[in-house]
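Observations on the model geometry
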Amino acid sequence: MTMSPQSTNRLATAASVALEPETTAPARKRRRGVGRLSTHVMDNRTAYVMIAPMVVLLGIFVWWPLLYSFYLSTFEISFYEEPVFVGLQFYGYVLEDPDFWHSIGIGATYVLYTVPAIMIIAFLVASFIRTVGRKVAGLLKTTVYVPTVVSAVITSVVFVFMYRADGGLINWLIGFVGLGPFAFLSDPELALPAISVPGIWLAFGITTLIMLAGMYDIPQSYYEAAQLEGANFFQRTWFITIPLMKNVLLYLLVTATIAGMQQFELPLIMTQGGPTNSTMTPNLFIFNQFKDPTPYATSFSLTAALILFFVLGGISMLIFRLIRSDKAIDA
Amino acid sequence: MKASLGRRVATYSLAALIVISTTLPLAWMLISGFKGRNEVLRTPFQFFPDVWMWQNYAAILQDPAFLQSMALTFAGALLFTLLSLVVNSIAAYAFARLDFRGKRFWWVYCITPMFIPGMAILLTSYVVVSNLGMLNTLAVLIIPGAASAVQMFFIRQFYLNTPLAIEEAALIDGAGRWRIFWSIFLPQSQGVFVVVGVGSFLAYWNAYVWPILTIQDPGLQQIMQYIAGFRSERGNEWGLLMAGSTLAALPTILLVLIFQRYIVNGVRLAGMK
């Protein structure tokens, strides 16, 4: 559902990831084609009826709430008094609030823990899948995809169970190398890294599949030529795979970073932002403010959400444009 | 010969390592569901139970609240999937194949929500649905998210690649646009509909934050609400919780296994276009 961040459609997002960079060129050509056909046929009425349900739903449940958020962010809302227009005052409050910046720091740290790991693991697994036979590749593709479909709620619950100091699987496993036991989720130093592990687990599979799709796009003959010249695996990766997948990798990097900054279901369920706010990601901070009964918390959280997400949304739009225009030149 | 055998062993071991480490959390959830109350947190640690027992699975299946939330979520997810397929596919067809006044404006209008994060509109969406009197109804879970920029975009990509010739022929024969959509585009959309539909189903099934905001009525509780609620209320019954989580994750995993070919190809095809 559009308005609940947790339900972002991972699958379709994922698929469009690979799609996105390549649209413009063929789309333009096609549009011109349709245009030629439709000089006689302007399908105004049919088209409006066809897009109407989508337009109306997005209008009521996305555009209106968005404009309303903007509007409300310029008011001081309290349960006891009439709203008072305060202009952009709340934007100043948010930007001066140390708790807001603390949560940004937590979000950035979480990104630092998860994104490189996701990218590296996915790249290695994808490279490996590309080299194995069809059957093994099929099995691996399905296997790595499975975590993607498991909900954050179930993942959180299972990892809380696995992190337990008594009877926990993870403490048992690290016991073999002489470490632990740790109370991962109640130690401020360990809680965020501990939450990063399920974060990586949930995301690496779909990233792998998209990278793999990008790799299949590279003509096999490049590798054969390189092999004849005596290039080893690392040289082939460095000089062929990575440059040719630049757009896909960049896209995945940006989407993973933006998704990481927005992570909040895992800390919400696993630690509620604790211990001592060490897992209070920006979204969780904002979510808690929503429910805070103190006056003006509503305006504050709305404003914080808008600030944060127009920065992130802006960045992602910019990057998409860059990737697309770059691709259009290629093609 | 020897080298190739070594290589094969290495390949298979690496593949096995990937499979095991990926599925470990799920396997652990499944296995823990078979452990009794004394065994599930036992020290010293033991991986497998001494006695495999079905009690947890049986007990959770006898909880009417569990069954009801599973059934409701399932029904809701089906309706949601159906509705979003209809809404997004006709819009996708119009954007891919028709020319109309203001197309560029409406395109930007429909596609920009892709970049609007849920949190930015979460609270005001809540205000909107509560003003519409939708709180504590299944409609609040089904209708607001049905129009999806991402899905519409994905289906449109697919329609863009359908050859023009068939459509032109049909137009010349006097078929209307609806007719063309219904009898030419829909029949070949199976693959893309499966990919997009599975996506919708999963999004609905796995949703948590939106349901906890909008559904207070325990009779309408969704499955992820049930699981999270169970954990906070009866947090020490880990065996039972793991059994419930296993069953709650099962439909999504089955969906992937059933449609794996479509999904993997869907991602792959998308990349190849």
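Reading the values: the criteria
Residues numbered from 1 in each chain as written. Chains lettered and ligands numbered in written order. Predicted model: local features only at pLDDT ≥ 70, side-chain atom pairs only at ≥ 80, totals over all residues. Heavy atoms only, no water. Core = buried A, V, L, I, M, F, W, Y, C linked by side-chain atoms within 4.5 Å. Buried < 20%, exposed > 50% of the residue type's maximum accessible area, 1.4 Å probe, protein only. Contact = heavy atoms within 4.5 Å. UniProt positions renumbered as here; feature names shortened; annotations may be inferred. Helix = DSSP H or I, 4+ residues; strand = E, 2+ residues; numbered from the N terminus.

For soluble globular proteins, the rule of thumb is that nonpolar side chains tend to be buried together. Residues M211 and I286 of chain A together with M119, M152 and Y159 of chain B are the most contacted members of the largest nonpolar core, which totals 195 residues. Residues in contact with Y159 of chain B, not counting those within four places in the same chain, are S89, A92, Y93, A96, R97, F181, F185, S189 and F193 of chain B.

Turning next to the UniProt feature "domain: ABC transmembrane type-1" (unreviewed entry) in chain B. Sites flagged by UniProt as "domain: ABC transmembrane type-1" (unreviewed entry) map to residues 70–259 of chain B. With 74% helix and 0% strand, the stretch residues 70–259 of chain B has end C-alpha atoms that lie 21 Å from each other.

For the rest of this paragraph, the subject is the UniProt feature "transmembrane region" (unreviewed entry) in chain A. On the UniProt side, "transmembrane region" (unreviewed entry) is annotated at positions that read residues 46–66, 110–132, 144–163, 198–218, 238–260 and 300–323 of chain A here. When the span residues 238–260 of chain A is considered, its composition is 96% helix and 0% strand, and the gap between its end C-alpha atoms is 27 Å.

The next subject is unusual backbone geometry. All names here are of chain A. Here the residue pair G274 and P275 is connected by a cis peptide bond, since its omega of -15° sits within 30 degrees of zero. Within the fold, P275 resides in the loop between α13 (265–270) and α14 (282–291). Unusually for a residue other than glycine, T276 sits at a positive phi of about 45°. The topology assignment puts T276 in the loop between α13 and α14. Its relative accessible area of 68% is what places T276 among the exposed residues. A positive phi angle is found at N277, which is not glycine, with a value near 60°. Inspection of the secondary structure puts N277 in the loop between α13 and α14.

All names here are of chain B. Per the UniProt entry, the sites bearing "transmembrane region" (unreviewed entry) are residues 12–31, 71–94, 106–129, 135–159, 180–205 and 238–259 in this numbering. The span residues 12–31 shows a helical share of 100% and a strand share of 0%, and its end C-alpha atoms are spaced 25 Å apart. A helix fraction of 85% and a strand fraction of 0% characterise residues 180–205, whose end C-alpha atoms lie 33 Å from each other.

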